[in-house]
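Listed below are the residues making up each chain.
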Amino acid sequence: MQATSSFFDSETSLSGLKFTEGILGLIAAIAGIGLVYFNHPYSIFAGIVNIILGGVTLFAHDMFGSSFSYDLSNLGGDEYGLGEIGASFAYTPSYAIDCKPINAMAKRDYDELKNFWWMDVYAYGRYPKAAMAYLKKKGYAPEIADGDMDILKKAASEITFMGVNYYQSCVCEYNPMDGVTPYGTMNTTGVKGSAQELGMQGIYKNPANPYLMTTDWDWTIDPMGIRFCCREITSRYGLPIVISENGLGAFDKKTEGNQIHDEYRIHYLKEHLKELGKAIEEGCEIWAYCTWSFTDLLSWLNGYQKRYGFVYVDRDEEEGGTLNRYKKDSFYWYQDVIKTDGENLYK
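Computed from a prediction, not measured in an experiment: that's the story for all the values here. (Residues numbered from 1 in each chain as written. Predicted model: local features only at pLDDT ≥ 70, side-chain atom pairs only at ≥ 80, totals over all residues. Heavy atoms only, no water.)

1. Observations concerning the pairing of strand β2 (residues 84–90)
Turning to step 1, where the next piece is worked out: Within β2, six of the seven residues are buried, which leaves it mostly tucked inside the rest of the structure.
Turning to step 2, where the next piece is worked out: Sheet topology note: the β2/strand β4 (residues 161–165) ladder contains five bridges and is parallel. Bridge assignment links A90 to a residue of β4, and that residue is N165. (Buried < 20%, exposed > 50% of the residue type's maximum accessible area, 1.4 Å probe, protein only. Helix = DSSP H or I, 4+ residues; strand = E, 2+ residues; numbered from the N terminus. Pairing = 2+ DSSP bridges.)

2. What to know about the packing of helix α6 (residues 223–237) against helix α7 (residues 263–281)
Two quantities define a packed helix pair, namely the angle between the axes and the distance from one axis to the other.
Turning to step 1, where the next piece is worked out: Axis separation between α6 and α7 bottoms out at 7 Å; the angle between their running directions is 30°. Of the possible angle classes, the one that applies to α6 and α7 is roughly parallel. By crossing handedness, the relation of α6 to α7 is classed as right-handed. For the pair formed by α6 and α7, the contact residues are P223, M224, I226, R227 and C230 on the first element and E271, H272, E275, L276, K278 and A279 on the second.
Turning to step 2, where the next piece is worked out: A breakdown of the residues in the contact of α6 with α7 according to their chemical character gives six nonpolar, one polar and four charged. (Axes fitted to C-alpha atoms, helices over the stretch in contact; angles between N-to-C directions. Parallel < 35°, antiparallel > 145°, perpendicular 65-115°, else oblique. Left-handed = near helix turned anticlockwise from the far one by under 90°. Contact = heavy atoms within 4.5 Å. Nonpolar A, V, L, I, M, F, W, Y, C, P; charged D, E, K, R; others polar.)

3. Focus: the pattern of salt bridges
Turning to step 1, where the next piece is worked out: A complete count under the given rule lists 14 salt bridges for this structure.
Turning to step 2, where the next piece is worked out: Where E275 meets K278, a salt bridge forms, and the shortest distance between an N and an O atom there is 3.4 Å. Taken as a pair, E275 and K278 lie in helix α7 at a separation of three residues, close to a single helical turn.
Turning to step 3, where the next piece is worked out: The exposure class assigned to K278 is partly exposed, which follows from its relative accessible area of 35%.
Turning to step 4, where the next piece is worked out: Salt bridges sharing partners connect three or more residues here, namely D252, D262, R265, D296, R307 and K328. (Salt bridge = Lys/Arg side-chain N within 4 Å of Asp/Glu carboxyl O.)

4. Some words on the packing of aromatic side chains
Turning to step 1, where the next piece is worked out: By the definition in use, this model includes 13 aromatic pairs.
Turning to step 2, where the next piece is worked out: A ring pair is formed by Y167 and Y308, whose centres lie 6.0 Å apart and whose planes are at 70°; its orientation type is edge-to-face. One end of the pair, Y167, is in the loop between β4 and β5 (170–172); the other, Y308, is in the loop between β9 (286–289) and β10 (311–313), and 141 residues separate them in sequence.
Turning to step 3, where the next piece is worked out: For Y167, a relative accessible area of 12% puts it in the buried group.
Turning to step 4, where the next piece is worked out: Following the ring pairs from residue to residue traces out a cluster consisting of Y167, W219 and Y308.
Turning to step 5, where the next piece is worked out: Here R236 stacks its cationic end above the ring of F116, 3.7 Å away from the centre of that ring.
Turning to step 6, where the next piece is worked out: Positioned above the aromatic ring of W219 is the side chain of K306, whose terminal nitrogen or guanidinium carbon lies 3.7 Å from the ring centre. (Phe/Tyr/Trp six-rings, centres within 6.5 Å; stacked < 30°, edge-to-face > 60°. Lys NZ or Arg CZ within 6 Å of the ring centre and 35° of its normal.)

5. A short note on the environment of I159
Turning to step 1, where the next piece is worked out: Along the chain, I159 falls in the loop between α5 (148–158) and β4.
Turning to step 2, where the next piece is worked out: The buried category is assigned to I159, whose relative accessible area is 15%.
Turning to step 3, where the next piece is worked out: Here the alpha-carbon distance between I159 and Y124, two residues 35 residues apart in the chain, equals 9.4 Å.
Turning to step 4, where the next piece is worked out: When residues no more than four places from it in sequence are discounted, the contact partners of I159 are I85, G86, Y122 and L239.

6. Quick notes on the state of the cysteines
Turning to step 1, where the next piece is worked out: This model, assessed by the stated rule, comprises zero disulfides.
Turning to step 2, where the next piece is worked out: Cysteine C284 shares no disulfide, and the gap to the nearest cysteine sulfur, in C230, comes to 5.4 Å. (Disulfide = S-S within 2.5 Å.)

7. So, the environment of F161
Turning to step 1, where the next piece is worked out: Here F161 shows up in strand β4.
Turning to step 2, where the next piece is worked out: Separated by 78 residues in sequence, F161 and L239 place their C-alpha atoms 5.2 Å apart.

8. Details of helix α4 (residues 129–138)
Turning to step 1, where the next piece is worked out: Every buried residue of α4 is listed here: A131, M132, Y134 and L135. Buried positions in α4, seen along its axis, are confined to an arc of 160° and lie on one side of it. Turned more than 90 degrees off the buried face of α4, the exposed positions are K129, K136 and K137.
Turning to step 2, where the next piece is worked out: Immediately beyond the C-terminal end of α4, within one or two residues, lies G139, with a positive phi of roughly 80°. (Arc of directions from axis to C-beta.)

9. Brief notes about the pairing of β9
Turning to step 1, where the next piece is worked out: Across three bridges, the pairing between strand β8 (residues 241–245) and β9 is parallel. Paired with V242 across the two strands is A288, which belongs to β9.
Turning to step 2, where the next piece is worked out: In this fold, the crossover linking β8 to β9 by way of α7 has right-handed handedness. (Right-handed = clockwise from strand over helix to strand, strands pointing away.)

10. Let's talk about the confidence of the model for the protein
Turning to step 1, where the next piece is worked out: Averaged over every residue, the pLDDT of the protein is 82; residues scoring 70 or more account for 76%.
Turning to step 2, where the next piece is worked out: In this model, residues 1–53 is a region of pLDDT below 50 whose contacts with residues beyond four sequence positions or in other chains number 124 contacts. (pLDDT = per-residue confidence, 0-100.)

Next comes the structure, spelled out in structure tokens:
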């Protein structure tokens, strides 16, 4: 089956605008906190705080999931069937920098601390053992009381899909004890090359990938990464996937004629969708694909300068602007993707 027909047939989703009939009524995507976003501007506190908050978040999600009614027939008839419930993660797949065993182990440690720590507990109701052992050694592990793991396993049994916010991949290399720290500078200005290399001493660091381009914010552009993460989720968890976020943040310029020519965004989304089609051909069950985002919006780290939308919002970085909306070139292109069920991706 061709990727165009398998991904854009009448029962698959496109940009979150349509879902399979069985989940039309409701999808509850519960956002998880990433394990340790050490490159957060307030990263000096991030390691401990996020792990503590993470435990609270998981149990809050469990209480919601356990009490959530999946029966949607009260919305107007039996045709609504049962709802679906799952979690959504900012998932950054990783590649070892080379085939040295120590770097392969660095990748493994990264995955268990940054990705599987969250996804394992949602899908299985348990934490990766090596990651838990490391956090206990450092004094950061969450306290687990009697009965806690039973609650998490019960919650995991209710999950019916895995959500993914995908933007970039990363590279992993062993980081010596005197190596880079988690407390470097994150690029929030759009000055390409200003991001510092970060890592956990004695575990891993994340150097740049010399084979991939980056955005002005030093985010790696890796279309194959979305296929990689779908394959990994499918093999590790066996769950359907919702791509809850995917998009390109860029400096968009409006012409005097109120046009925005964002061919770079079109190329970004086109290549990611093509790779998603390949993932489906390879056995991944993709329920939905949601772009980020429909309109430009305020970035809590980057203000209004970093734009993601199909629709330009006339808003200055400081106070000001008309707030008028203007459709970008990508708006009309993506409209055509929907109309043609993805056929224009291969022209």
